[in-house]
Amino acid sequence: MNEIVIKTNKLTKRFGDFVAVDEITFDVHKGEIFGFLGANGAGKTTAMRMLCGLSIPTSGEATVAGYDVFKQPEEIKKNIGYMSQKFSLYEDLTVKENIEFYGGIYGLSNKEIKEKSTELIDKLGLHNEAKKLVSSLPLGWKQKLSFSVAIVHTPKIVFLDEPTGGVDPSMRRQFWDLIYEGADKGITIFITTHYLDEAEYCNRVSIMVDGKIEALDSPAGLRQTYEAKTIDEVFYKLARKAKRSAD
Amino acid sequence: MDAITVNNVTKTYNKKTVLAVDNISFSVGKGEIFGLIGPDGAGKSTIFRMLTTLLLPDSGTATVGGLDIVKDFKAIRGIVGYMPGRFSLYQDLTVEENLTFFATVFNTSIEENYDLIKDIYVQIEPFKDRRAGKLSGGMKQKLALCCALIHKPEVLFLDEPTTGVDVVSRKEFWDMLKRLKAQGITILVSTSYMDEATLCDRIGLILNGKMLSIASPEDTINAYPEKLYAVKANSIYHLLLDLRAYEGTINCYTFGEYLHISITSNEAEVRKYLEDKGHENIEIKAITPTVEDCFIRLLKHQDERNSNKDK
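(A) Focus on the overall build of chain A. Within chain A one finds eight helices and ten strands. Buried residues in chain A amount to 56% of all 247 residues. Sequence separation of at least 24 residues holds for 68% of the intrachain contacts in chain A that already meet a minimum separation of 6. A total of about 10700 Å² of accessible surface is found on chain A, and carbon and sulfur atoms cover 49% of it. Within chain A, one finds 33 positive and 35 negative side-chain charges whose respective centroids are separated by 1 Å.

See below:
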């Protein structure tokens, strides 16, 4: 069996009386593309923050890249990449400066940073933009760059929080080309999205409703279980049951 | 009379170095839902800002509700509702305070037009004492729509209202738009979700500041010139790489559980090629394109034209 890189057991987070994440248990394998779906307010972001070592769980267990989320959050941070739609790159730094900055943060040597910068700028075709401020790039390019930067240190896992929000269909596909390539290299992809066609690109998908994982299977398995033609329908059947309002 | 008319409008930024909107013309009938579909940076938001009188065009003319966007800007502001792409309500005011504020600015009250917003407002009413900045994405969007509607506008401008919103809330949101349409409100909306494009009466595909086509979703689909197939096999990623390398491929991209491919050869030849490559469980079927396929095709052609120019 494949190596397990994320393992949770009854992982829970409470804020006062409110149970944001309610005893979630699941495993993610090395090199897997794992889609983490749920309605707004279902608890996805809270769960993801715990797995990234940014928020200490209330109860339960979890290891990420072999490190314990309670005891070793700093080790986790060194072994993962993270990208969100809201924040990922420094707009007032150039493309090249952003790559160098993140390379430095993730502890690459100067030589490695230099190599990586050249490699990334080549790969993304950003030669003319390398010395321009990131704020001048179109959204789709920014997203591709920030994904590349999030895996600049070849982490075991990369967490992607709605990376393609507001990105056009063509650019979203180019972004997924990068994701497939990363997964092919053995990087585990943990991704949230509201574009449910993208759920089909995942090896397995979980759907959260009111803090709980209500379903977890391959896209084909989910469609079969819920007698649905698309993941859209599956999601709709499950999320409609939510009692919690989107907050 | 058309609710919106746009005639040869052009807008540049940065001392004319950046062409945001390039000689665009279109019109929107009263009570119509018109979708502006285009990638980031296409010029959609600029169009919204000009029509809501927040920006002046460099050239061309436009009217909203029969009023000129330059001469009659004050009158236009009274008859339009605008939901900008970025959340722009007062974060430090509560839900109710925001709504009261917008009602007061337009010389009306929440009570006066409560019918119009009732369906939406009941969903956020339990949170009416919460500050707007503390609301979730779906709730912010509902509040913003209420604020844009509180003065009973004739024309509603919605700039990417559902970005970052889950599929259930998106469906509710579009149900609301249909009800508003039924009341005669004209809606200009932009979106990056192609399933929403299908819900518009007509859509305009926009790219690099130019309007490439205007038609109903059905006509947009019927105009797709090539045969399109859906293909799947055991390893989708390797299937994608192999099909892109295939000489008969015009375009190939992921589409949910399938790949979509347009080809110059035929189905049998593609199947043979894939079998020779060692693919298993190959499924190939002819399909009707969606608006998303049409859009991807337009973008690809545009890219090719641009790269030919570079050479």
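(B) How the structure looks around the packing of helix α5 (residues 139–150) of chain A against helix α6 (residues 169–184) of chain A. Residues and elements named next belong to chain A. Running from amino to carboxyl end, α5 crosses α6 at an angle of 10°, the nearest separation of the two axes being 10 Å. Taken together, the axes of α5 and α6 are roughly parallel relative to one another. Taken together, the residues of α6 that come into contact with α5 (itself represented by Gly140, Trp141, Gln143, Lys144, Phe147 and Ser148) are Met171, Gln174, Phe175, Leu178 and Ile179. Classifying every residue of the contact of α5 with α6 by side-chain character gives six nonpolar, four polar and one charged.

(C) Just the interface of chain B and chain A, in detail. In this complex, chain B contributes 36 residues to the contact, which on the side of chain A involves 32 residues. Here chain B and chain A share an interface that buries about 2800 Å² over both sides, 56% of which is from carbon and sulfur atoms. Run the count over chain B and chain A and you get four salt bridges. For Glu257(B), the salt bridge is made with Arg223(A), and the minimal N-O distance between the two is 2.9 Å.

(D) Quick peek at the pattern of salt bridges. Taken as a whole and assessed by the stated rule, the structure comprises 29 salt bridges over all chains. Lys78(A) is the partner of Glu75(A) in a salt bridge, and the nearest nitrogen-oxygen pair spans 3.7 Å. Here Glu75(A) pairs with Lys78(A), and both are found in helix α2 (residues 73–79), just three residues apart, close to one helical turn. Residue Glu75(A) is classed as partly exposed on the basis of its relative accessible area, which comes to 29%. For the salt bridge of Arg170(B) with Glu196(B), the shortest nitrogen-to-oxygen distance reads 3.0 Å. Placement of Arg170(B) in helix α6 (residues 167–182) and of Glu196(B) in helix α7 (residues 194–197) is noted, with a sequence separation of 26 residues between them. A relative accessible area of 1% places Glu196(B) in the buried class. It is possible to trace a salt-bridge network through shared partners that takes in Arg172(A), Arg173(A), Asp197(A), Glu198(A) and Glu292(B).

(E) Quick look at the domain arrangement of chain B. Looking at chain B, the domain boundaries give domain 1 (4–220) and domain 2 (225–288). On a C-alpha basis, the centres of domain 1 of chain B and domain 2 of chain B stand 39 Å from each other.

(F) The arrangement of the side chain of Thr191(B) in detail. All names here are of chain B. For Thr191, the position within the fold is in strand β8 (residues 186–191). With a relative accessible area of 2%, Thr191 lands in the buried category. One polar contact links the side chain of Thr191 to the main-chain amide nitrogen of Tyr193, over a distance of 2.9 Å. Among the polar contacts listed, one links the side chain of Thr191 to the side chain of Glu196, at a separation of 2.6 Å. What Thr191 contacts, discounting residues up to four positions off in sequence, is Leu36, Ile37, Thr162, Glu196 and Ala197.

(G) Structural detail: helix α1 (residues 44–51) of chain B. All names here are of chain B. Across the eight residues that make up α1, a large majority, six, are buried. Among all positions of α1, only Lys44, Thr46, Ile47, Phe48, Met50 and Leu51 are buried. The first or second residue beyond α1 is Thr53, which carries a positive phi of 65°.

(H) Here's a closer look at the sheet that holds strand β3 (residues 33–38) of chain A. Residue and element names in this part refer to chain A. Taken in spatial order, the six strands of this open sheet run β6-β7-β8-β3-β9-β10, and their pairing is mixed. This sheet does not close on itself; its edge strands, each paired only once, are β6 (80–84) and β10 (212–217). Each strand of the sheet is rotated relative to its neighbour by a mean of 15°, with strand direction disregarded. The sheet contact formed by strand β7 (residues 157–161) and strand β8 (residues 188–192) spans five bridges and is parallel. Residue pairing for β8: Val158 is matched across the bridge by Ile189. Strands β3, β9 (204–209) and β10 of the sheet are contacted by helix α8 (residues 231–239), whose axis makes an angle of about 25° with β9.

(I) Geometry of the pairing of strand β12 (residues 249–255) of chain B. Residue and element names in this part refer to chain B. With six of seven residues buried, β12 lies mostly within the body of the structure. Looking at chain direction, β12 and strand β13 (residues 258–263) are connected through six bridges and run antiparallel. For Asn251, the partnering residue across the bridge sits in β13 and is Ser262. In sequence, β12 turns back onto β13 through a hairpin of two residues, with Gly256 there showing a positive phi of about 60°.

(J) Structural detail: the environment of Gly38(A). Position of Gly38(A) relative to the elements: it lies in strand β3. Along the backbone, Gly38(A) and Phe147(A) are 109 residues apart, and their C-alpha atoms lie at a distance of 22 Å. Not counting chain neighbours up to four residues away, the residues in contact with Gly38(A) comprise Lys44(A), His194(A), Met208(A), Phe235(A) and Asp166(B).

(K) The packing of aromatic side chains, seen in detail. All names here are of chain A. Under the defined criterion, the tally for this structure stands at 21 aromatic pairs over all chains. The interplanar angle of 35° and the centroid separation of 6.4 Å between the aromatic rings of Tyr102 and Tyr106 together place this pair among those described as tilted. Since its relative accessible area comes to 11%, Tyr102 is described here as buried. Judged by relative accessible area, which is 22%, Tyr106 ranks as partly exposed.

(L) The arrangement of the sheet that holds strand β5 (residues 67–68) of chain A in detail. Residues and elements named next belong to chain A. Spatially, β2-β1-β4-β5 is the arrangement adopted by the four strands of the open sheet, whose pairing is antiparallel. Two strands in the sheet have a free side with no partner beyond their single neighbour: β2 (18–29) and β5. Summarising the sheet, strand β1 (residues 4–15) and β2 pair through eight bridges and their orientation is antiparallel. Residue pairing in the sheet places Arg14 in a bridge with Val19 of β2. Taken strand by strand, helix α1 (residues 44–51) contacts β1, β2 and β4 (59–64), and its axis lies near 120° from that of β1.

(M) Representation of the state of the cysteines. Tallying each qualifying case throughout the model produces zero disulfides over all chains. Cysteine Cys52(A) shares no disulfide, and the gap to the nearest cysteine sulfur, in Cys202(A), comes to 16 Å. Among the residues examined, Cys52(A) registers a relative accessible area of 1% and is labelled buried. Of all cysteine sulfurs, the one in Cys294(B) lies closest to Cys200(B), which takes part in no disulfide; the gap is 14 Å. Of the residues examined, Cys200(B) reaches a relative accessible area of 5% and is grouped as buried.

Parameters and conventions
Once a new chain begins, its residue numbering starts again from 1 and follows that chain's sequence as written. Chain letters and ligand numbers both follow the written order, the letters beginning at A and the numbers at 1. In keeping with the predicted nature of the model, local features appear solely for residues at pLDDT of at least 70, side-chain atom pairs appear and are counted solely at 80 or more, and the whole-chain, interface and lining totals rest on all residues. Neither water nor hydrogens contribute to the side-chain values; these are computed over all heavy atoms in the structure. Put simply, DSSP H or I for four residues or longer makes a helix, DSSP E for two residues or longer makes a strand, and each gets a number counted from the N terminus. Note on exposure labels: buried denotes an accessible area under 20% of the residue type's maximum, exposed denotes more than 50%, and partly exposed covers the range between, all computed with a 1.4 Å probe on protein chains only. Note on contacts: a residue pair is in contact if any heavy atoms of the two residues lie within 4.5 Å. Note on areas: these come from Shrake-Rupley sampling with a 1.4 Å probe, and a residue is covered only by the protein chains present in the view. A positive count includes Lys and Arg, and a negative count includes Asp and Glu. His and the chain ends are not counted in either. Working definition for charges: the position is that of NZ of Lys, CZ of Arg, CG of Asp or CD of Glu. Convention adopted: a line fitted to C-alpha atoms gives each axis, helices being fitted over their contacting stretch, and angles between N-to-C directions are expressed from 0 to 180 degrees. With respect to orientation, any angle under 35 degrees is reported as roughly parallel, any angle over 145 as roughly antiparallel, any angle of 65 to 115 as roughly perpendicular, and every other angle as oblique. In this count, Pro and Cys sit with the nonpolar residues alongside Ala, Val, Leu, Ile, Met, Phe, Trp and Tyr, while Asp, Glu, Lys and Arg are called charged and the others, Gly among them, polar. Accessible-area loss on putting two parts together, using a 1.4 Å probe and summing over both, is the definition of buried area adopted here. For salt bridges, the criterion is a side-chain nitrogen of Lys or Arg within 4 Å of an Asp or Glu carboxyl oxygen. All domain edges in this entry derive from an automatic or database-based domain assignment. Pairs of N or O atoms within 3.5 Å make up the polar contacts considered here, provided that, within protein, one atom can donate a hydrogen while the other can accept it, and that residues adjacent in sequence are counted only when both atoms are side-chain atoms. In short, DSSP must find at least two bridges between two strands for them to pair. Only the six-membered ring of Trp is used, alongside the rings of Phe and Tyr, when aromatic pairs are assigned; centres must lie within 6.5 Å, and planes under 30 degrees apart are stacked while those over 60 apart are edge-to-face, with the rest tilted. Note on terminology: disulfide denotes any pair of cysteine sulfur atoms within 2.5 Å.

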